[in-house]
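Letter by letter, the chains look like this.
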Amino acid sequence: MDMKHKIFFVGIGGISMSGLALYLHKNGYDVSGSDITENEQTKMLKSHGINVFLGHKKTNILGAELIVFNSAINEHNPELVHAKELGLTIISRSELLKLVSREHEHVIGISGTHGKTTTTAMIGEIFCLAGHKPTIHIGGVSKNLGTSFLVGEKQYFITEACEYKDNFLTLSPEVGVVLNIDDDHLDYFKTKSNLRHSFAKFVSQSSFSVVFEGFLPKFAQKSENVFEIGKISQYCWAENVELEADNKYTFDAIFCGEFVGRIHLGVYHKHNVTNALFAVAVAKYYAVPNKIVVRALENFAGVKRRFEEVGRKQGVEVVIDYAHHPKEISSTLVGAKKITKGKLFVVFQPHTYSRTKKLFEEFVPCFDLADKLYLFKTYPAREKYDKDYNARTLAKEISKHKKCLYFSSFEKMKKSIQKEVGDGDTLLVLGAGDVDHFAKYFLE
C-alpha cells in the first residue's frame with residue numbers, strides 16, 4: 001500500500017478498527033491509536049506492542065502521518081480536529097479496508113442486514129480448512145479462530161461488508177454476498193428505497209454475486225453473474241432439514257443440482273442453515289472439495305455474542321446474543337424457546353435512539369415469546385439522548401399488552417431477576433451495546 005508509515009487510529013478499540021490496526025502492524029507499519037475505554041480489543045492490541053491511549057486528546061497524534069477514523073467518531077473529536085489543523089492525511093475505516101482488500105488477489109465481501117458476521121466466519125473456516133491461508137476480517141470474534149482478524153497470505157481476503165453510511169461501496173469484490181435486506185440504518189439511508197439501491201450498487205460492483213432468493217427481479221442488473229440462495233433456487237438450496245436432539249439442524253446441501261453433503265451444523269438456530277448455504281455457494285465457486293465444506297461447517301463453533309452460552313448459575317443458563325433488530329430478536333427467541341427447559345427471561349438493550357424510533361412499532365410485539373422481559377437503558381452509540389424514543393418509552397409501550405420492566409442499573413435489574421428466575425430457566429441477554437456485561441455481572 002502506498003501509505004504513510006506512522007498511522008494513528010481514532011477509535012482503535014472497535015472490532016473492525018482493531019483488526020485493521022493489527023494487520024498494518026504485522027505488515028511493518030508504526031501503529032498507535034486511542035479509544036474512550038479499555039476493552040478486549042485494546043488489550044489484544046497492547047499484547048502485540050501497539051500503543052493505545054485511553055481518552056481522546058490532540059497530543060495523542062504527535063508524530064502521526066496518517067489518521068484513520070470510523071463512522072462512530074464525531075467530527076468534533078479533538079484528534080480529528082487537530083489532524084486537520086496540522087494538514088495530516090485523514091481516511092475513513094472503509095477507505096482503509098478498500099486499500100487492504102486491493103492487496104489481495106481474490107476478495108470476498110459478505111453483506112446483509114442480518115447474519116453477515118456468522119457467514120463471514122463460516123466462509124473463513126472453510127477456506128482455512130482447505131489450506132488457503134486466507135486473511136479474514138470479521139465483525140465479531142470467531143470461536144474457531146479466536147480472533148476477529150486473521151492475518152493470512154495475499155491470495156484470499158474474506159471480509160464483512162457493512163452497509164452503514166455506504167461503507168461497503170468502497171469495495172469491489174470478486175464475489176459479493178447479499179444475505180438479506182431489512183429496514184435498518186434508516187437514520188442514514190432515510191428511505192427503504194435508498195437502502196435497497198445501495199445493495200444493488202454493491203452487487204453491480206462485484207464481479208460475481210451470491211444473493212438471497214427474490215433479489216434478482218428487483219435489484220440486480222448482472223443476472224448472468226448472480227447465484228440465488230433459497231428454498232426453490234436453481235443454484236443452492238437445502239433439503240431434508242431436521243432439528244436434531246441437540247437442538248441443532250441437519251440438512252442436505254445441494255449446489256447446482258450436485259449433492260454437497262449432509263451437514264450437521266455446529267451452531268443453533270434454523271437461520272444458520274441459510275447462512276451455511278451462502279457459505280457453501282461461495283466455497284463451491286472457488287472449487288473447495290465437498291468433504292472440506294461439510295467438515296468445516298460441522299466444526300464451526302460460532303461467533304462470540306451470537307447465541308453464546310456464557311455460563312450457568314444455580315441451574316440458570318445464561319446466553320448472550322447480538323440481536324438488536326426486531327426480526328433478529330424474534331428469530332433468536334424462537335430458537336431460544338427450543339432449548340430452554342423452563343422459562344425464558346429476556347434482557348434487551350435498545351441500540352441507538354434512531355433505530356428505536358424508525359422500528360418502534362416492530363419492536364413492541366417482537367418479544368412475545370419471552371416469559372419475563374426486562375429493558376435496559378438505551379446504548380446511544382454516536383447519538384444524543386432522545387426523550388421520546390428510548391428504552392423507557394419502549395418498555396412503557398410494550399407494557400400495554402405484556403409485562404415489561406425498565407432498569408438503568410445492573411444491580412437493581414439483577415436483584416429483580418433473581419427473585420423470579422429458577423432452576424432450568426434461561427436468561428437471554430440481547431443487544432449490540434454493552435449489555436453483554438450484565439451477563440457476566442449476573443454470574444458473579
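One structure accompanies this document, and this report is about it. These numbers were taken from a predicted model, which means no experiment stands behind them. (Residues numbered from 1 in each chain as written. Predicted model: local features only at pLDDT ≥ 70, side-chain atom pairs only at ≥ 80, totals over all residues. Heavy atoms only, no water.)

## Here we look at empty space enclosed by the protein
Stage number 1. A full pass over the atoms with the stated rule returns one cavity of 30 Å³ or more.
Stage number 2. One number sums up the size of the largest cavity: a volume of about 60 Å³.
Stage number 3. Forming the walls of the largest cavity are Asp184, His185, Leu186, Asp187, Thr352, Ser354, Arg355, Lys358, Leu359 and Arg382.
Stage number 4. Counting residues per element, the ones that place at least two in the lining of the largest cavity are α6 (186-189) and α12 (353-358).
Stage number 5. A total of three residues in the lining of the largest cavity trace back to one element, the largest contributor, which is α12. (1 Å grid on protein atoms, 1.4 Å probe; cavity = no way out; pocket = protein on both sides within 12 Å on 5 of 7 lines; lining within 4 Å. Points joined across faces, edges and corners; volume = space filled by probe spheres on them. Helix = DSSP H or I, 4+ residues; strand = E, 2+ residues; numbered from the N terminus.)

## What about the nonpolar core?
Stage number 1. Counting 85 residues, the largest nonpolar core has Phe9, Ile126, Phe127, Val178, Val210, Val282 and Leu297 as its most contacted members.
Stage number 2. In terms of residue count, helix α9 (residues 271-285) provides more of this core than any other element does, nine residues in total.
Stage number 3. The residues touching Leu297, leaving out its near neighbours within four places in the chain, are Met122, Ile126, Ile263, Leu265, Gly266, Ala276, Ala279 and Val280. (Core = buried A, V, L, I, M, F, W, Y, C linked by side-chain atoms within 4.5 Å. Buried < 20%, exposed > 50% of the residue type's maximum accessible area, 1.4 Å probe, protein only. Contact = heavy atoms within 4.5 Å.)

## Concerning the pairing of strand β6 (residues 106-111)
Stage number 1. Within β6, six of the six residues are buried, which leaves the element mostly enclosed by the surrounding structure.
Stage number 2. Burial along β6 is two-sided: His106, Ile108 and Ile110 and Val107, Gly109 and Ser111, pointing in opposite directions, are all buried.
Stage number 3. Across five bridges, the pairing between β6 and strand β9 (residues 156-160) is parallel. Looking at β9, one finds that His106 is bridged to Tyr156. (Pairing = 2+ DSSP bridges.)

## A few points about the packing of aromatic side chains
Stage number 1. Under the criterion given, the structure shown has 25 aromatic pairs.
Stage number 2. Taking the centre distance of 4.3 Å and the plane angle of 20° together, the rings of Phe227 and Tyr235 count as stacked.
Stage number 3. In this structure an aromatic cluster arises from ring pairing among Phe127, Tyr156, Phe208, Phe227, Tyr235, Phe255, Tyr285 and Tyr286.
Stage number 4. One Lys or Arg, Arg306, reaches over the ring of Tyr322 and ends 4.1 Å from the middle of that ring.
Stage number 5. In this structure, Lys414 packs its charged tip against the face of Tyr441, placed 4.8 Å from the ring centre. (Phe/Tyr/Trp six-rings, centres within 6.5 Å; stacked < 30°, edge-to-face > 60°. Lys NZ or Arg CZ within 6 Å of the ring centre and 35° of its normal.)

## Thoughts on the sheet that holds strand β1 (residues 6-10)
Stage number 1. If you trace the five strands from one edge of the open sheet to the other, you get β3-β2-β1-β4-β5, paired in parallel fashion. Two strands bound the open sheet, and with one partner strand each, they are β3 (51-54) and β5 (89-92). Averaged over all adjacent pairs, the angle separating strand axes in this sheet is 20°, with direction ignored.
Stage number 2. Bridge analysis of strand β4 (residues 66-69) against β5 gives four bridges, and the strand direction is parallel. By the bridge assignment for β5, Ile67 is matched with Ile90. (Axes fitted to C-alpha atoms, helices over the stretch in contact; angles between N-to-C directions.)

## Brief notes about the sheet that holds strand β21 (residues 426-430)
Stage number 1. Taken in spatial order, the six strands make up an open sheet running β16-β17-β21-β18-β19-β20, and their pairing is mixed. Lying at the two open borders of the sheet, with one neighbouring strand each, are β16 (308-313) and β20 (404-407). Each neighbouring strand pair of the sheet contributes to a mean axis angle of 20°, computed without reference to strand direction.
Stage number 2. Where strand β18 (residues 344-348) meets strand β19 (residues 372-376), four bridges bridge the pair, whose relative direction is parallel. Its bridge partner being in β19, Val346 is matched across the sheet by Leu373.
Stage number 3. Across the sheet, helix α11 (residues 326-339) lies against β16, β17 (316-321), β18 and β21, angled at about 165° from β21, the strand it touches most.
Stage number 4. Together, β16, β18, β19, β20 and β21 form the strand contacts of helix α15 (residues 410-418), whose direction differs from that of β19 by roughly 175°.

## Focus: the layout of surface pockets
Stage number 1. Here the second largest pocket is characterised by a volume of approximately 190 Å³.
Stage number 2. In terms of lining, the second largest pocket is formed by Asn247, Tyr268, Glu309, Arg312, Gly315, Glu317, Ile339, Thr340, Lys341, Gly424, Asp425 and Thr426.
Stage number 3. Grouping the amino acids of the lining of the second largest pocket by side-chain chemistry returns two nonpolar, five polar and five charged. (Nonpolar A, V, L, I, M, F, W, Y, C, P; charged D, E, K, R; others polar.)

## So, unusual backbone geometry
Stage number 1. Residues other than glycine seldom take positive phi values, yet Phe307 does so here, at roughly 45°.
Stage number 2. Counting through the fold element by element, Phe307 comes out in the loop between α10 (290-299) and β16.
Stage number 3. Judged by its relative accessible area of 6%, Phe307 falls in the buried class.
Stage number 4. At Gln314, a residue that is not glycine, the phi angle is positive and equals roughly 50°.

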